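Secondary and tertiary structure notes
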Amino acid sequence: MKWWPSEPRRGDMIRVLLGSVYHYGIFIDEDTVVQFGPPPGTEEYGKGKDLKVCITSADFFSCGKIIETAVLDKKEARKRISPEKTAETALSRVGEGGYDLIHNNCEHFAYECVFGVKRSTQEEDARKRWNSRPVLDCYFAVISDRVDVGHVIPPARDELIAATANERLRAERYFVWELLGAAFSRSFGYRMDELDLKLTSCGKWVCSKAEFSLTHTDGLAAVAVSNAPVGIDAECTRSFSEKHGGDIAALADKMLTRRERREYDGSDPEALLTYWTRKESIFKSLVKPSFRPERTESDTKNTVSLKLPDIPGYIMSVHGSEIGALRCYTYRDGKTAAADFEKIGAGVG
Amino acid sequence: MQLTRDEIMERLKDIMISAGGGNEQIYRECTEDSDLSADLGLSSIGMLYIVIAVEETFRIRFTGVGMSDFRTVKDVIDYIEEHQE
């Protein structure tokens, strides 16, 4: 359907741009335009309460703006109700109420008079724009020493958690899944029971409605959700120093690329951990069976490393093409809250 | 799970920041008394966008809502609080 500022004929759908929204009606003649509520902003529109299908002149309908007429393509022209029937239907509905800004507005009314079904392209466009907005939200939570491990969805994940022999690991696996549920709910309004969560042959959990990545380590759980492939990794700085403090140079040799080895000063464990989490977040954003850190460049524009003042002692990295939309949240006692974070550079502790 | 007014407010701010195009500071600092049009600068299409985003995020369906039903942030929070799952 195209819109042209051409002379409308009886039974045509017409519209006028008022501010930032279009007002729609069915043209009968110069003195008769049927529309759902008078044009917004006019005295007759008032506060928009109890709007009814009404008749105004074309001049009043236009509010001094240019009236555009719907020009249907061949397919639409075949599907449309005849102009005479459209005019009759529109006139027969004068006085009808039930206006709704989103689900039953002036565009729904006009479209229904022409095609027999309600439709609003303004509503569809706004919904499409919202659902395709860039999202990359990270959620972080401290895992308490006492976690009551319950059941999760889907059953395959529940079985995997239940089969985990190590009590602490079982608690972490349960908790990070609970955090995922909170993340999906807050970022997308999804419930876990409506997602088709499944485990791939690479051992990565996926679902068709959104992308996500999980990590848990030494008392921290973290989840990233996005509408583009995403990976997240977190490491505990204290634990890393205790375990690997004496092997820094050997580890750097194994995990850094040639370029990174030239860049790295060879002694700072936090900097090495930053490299590591960046590489792992990049790997986790991909569906690949094997991880080759020494071949994975960590310095990409889509990777951010960060620390959270509220949860000190950890280095986290997240990778995703929507990194510009990055937002961080903490999760505590079943509630999420926006969190401040400090970005750190690759290789800088 | 029922959200508190504070939680609804925080999520609404997220929505307005995503929808508002660069006015993050204004939305971050808004209060329940902030006027959607005069204080936050929302146009009618911006209002439509936010109402749809609220439907998607809070899983509620607005019914019988007119363009002028929501004058302040409080009006939106009241509606969500009353209609949330």
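Residues numbered from 1 in each chain as written. Chains lettered and ligands numbered in written order. Predicted model: local features only at pLDDT ≥ 70, side-chain atom pairs only at ≥ 80, totals over all residues.

1. Some points on the domain arrangement of chain A
Interface size, as often reported, equals the accessible area lost upon joining of the parts. Going by this rule: For the domain bounds, the source is a domain assignment made automatically or taken from a database.
What the domain assignment reports for chain A is domain 1 (2–130) and domain 2 (133–344). Its C-alpha centre places domain 1 of chain A at a distance of 50 Å from the equivalent point of domain 2 of chain A.

2. Some remarks on the sheet that holds strand β2 (residues 12–18) of chain A
Residues and elements named next belong to chain A. Note the following rule: Any two strands with at least two DSSP-identified bridges between them are counted as paired. The helix count covers DSSP runs of H or I at least four residues long, the strand count covers runs of E at least two residues long, and both are numbered beginning at the N terminus. Only C-alpha atoms enter the line fits that serve as axes; for helices the fit covers just the stretch in contact. Angles between N-to-C directions range over 0 to 180 degrees.
The six strands are arranged β1-β6-β2-β3-β4-β5 in an open sheet whose pairing can be described as antiparallel. The sheet terminates laterally at β1 (2–4) and β5 (53–56), the two strands that pair on one side only. Here the strands of the sheet are splayed against their neighbours by 35° on average, with no regard to which way each runs. In this sheet, β5 lies alongside strand β4 (residues 32–36) in antiparallel orientation, the contact comprising four bridges.

3. Here we look at helix α11 (residues 269–284) of chain A
What counts here: Multiplying 1.5 Å by the residue count of a helix minus one yields the expected span of that helix. Exposure classes come from backbone-placed C-beta atoms, where a residue is buried if 20 or more other C-beta atoms lie within 10 Å of its own, exposed if 12 or fewer do, and partly exposed in between.
Look at α11 of chain A: 22 Å from first C-alpha to last across 16 residues, which is about the 22 Å you get at 1.5 Å a residue. Counting buried positions over the 16 residues of α11 of chain A gives 13, a clear majority of the element.

4. Topic: the nonpolar core
Heads up, the condition is: Structurally, a nonpolar core is described as a collection of buried Ala, Val, Leu, Ile, Met, Phe, Trp, Tyr and Cys residues joined by way of C-beta atoms within 7 Å. A pair of residues counts as a contact when their C-beta atoms, built from backbone coordinates, are within 7 Å of each other.
Judged by nonpolar contacts, the single largest core of 52 residues is most densely connected at Tyr139, Leu179, Leu180, Ala222, Val223 and Ala224 of chain A. The element that contributes the greatest number of residues to this core is helix α7 (residues 167–188) of chain A, accounting for nine residues. When sequence neighbours within four positions are dropped, the list of residues in contact with Ala224 of chain A reads Leu136, Cys138, Phe212, Ser213, Val230, Ile232, Val318 and Gly320 of chain A. Core analysis: the next-biggest nonpolar cluster, separate from the first, contains 28 residues, Leu101 and Ala126 of chain A together with Ile50 and Val76 of chain B among them.

5. A word on unusual backbone geometry
Residue and element names in this part refer to chain A. Ile153 connects to Pro154 through a cis peptide bond whose omega is 5°. Note on placement: Pro154 falls in the loop between β7 (136–142) and α6 (155–162). Of note, the phi angle at Cys63 is positive, near 55°, even though the residue is not glycine. Looking at the secondary structure, you find Cys63 in the loop between α1 (58–62) and β6 (68–71). For Cys63, a count of 18 C-beta atoms within 10 Å corresponds to the partly exposed category.

6. Observations concerning the sheet that holds strand β10 (residues 211–217) of chain A
Hydrogen bonds between backbone groups are what pair the strands of a sheet, and the pairing can be parallel or antiparallel. Residue and element names in this part refer to chain A. The strand order β10-β11-β7-β15-β16 describes an open sheet built from five strands, whose pairing is mixed. Taken across any chain shown, the strands that pair with only one partner, and hence form the sheet edges, are β10 and β16 (335–338). Shown here is a sheet whose adjacent strand axes are inclined to one another by a mean of 20°, direction ignored. Here β7 pairs with strand β15 (residues 326–332) via five bridges, running parallel.

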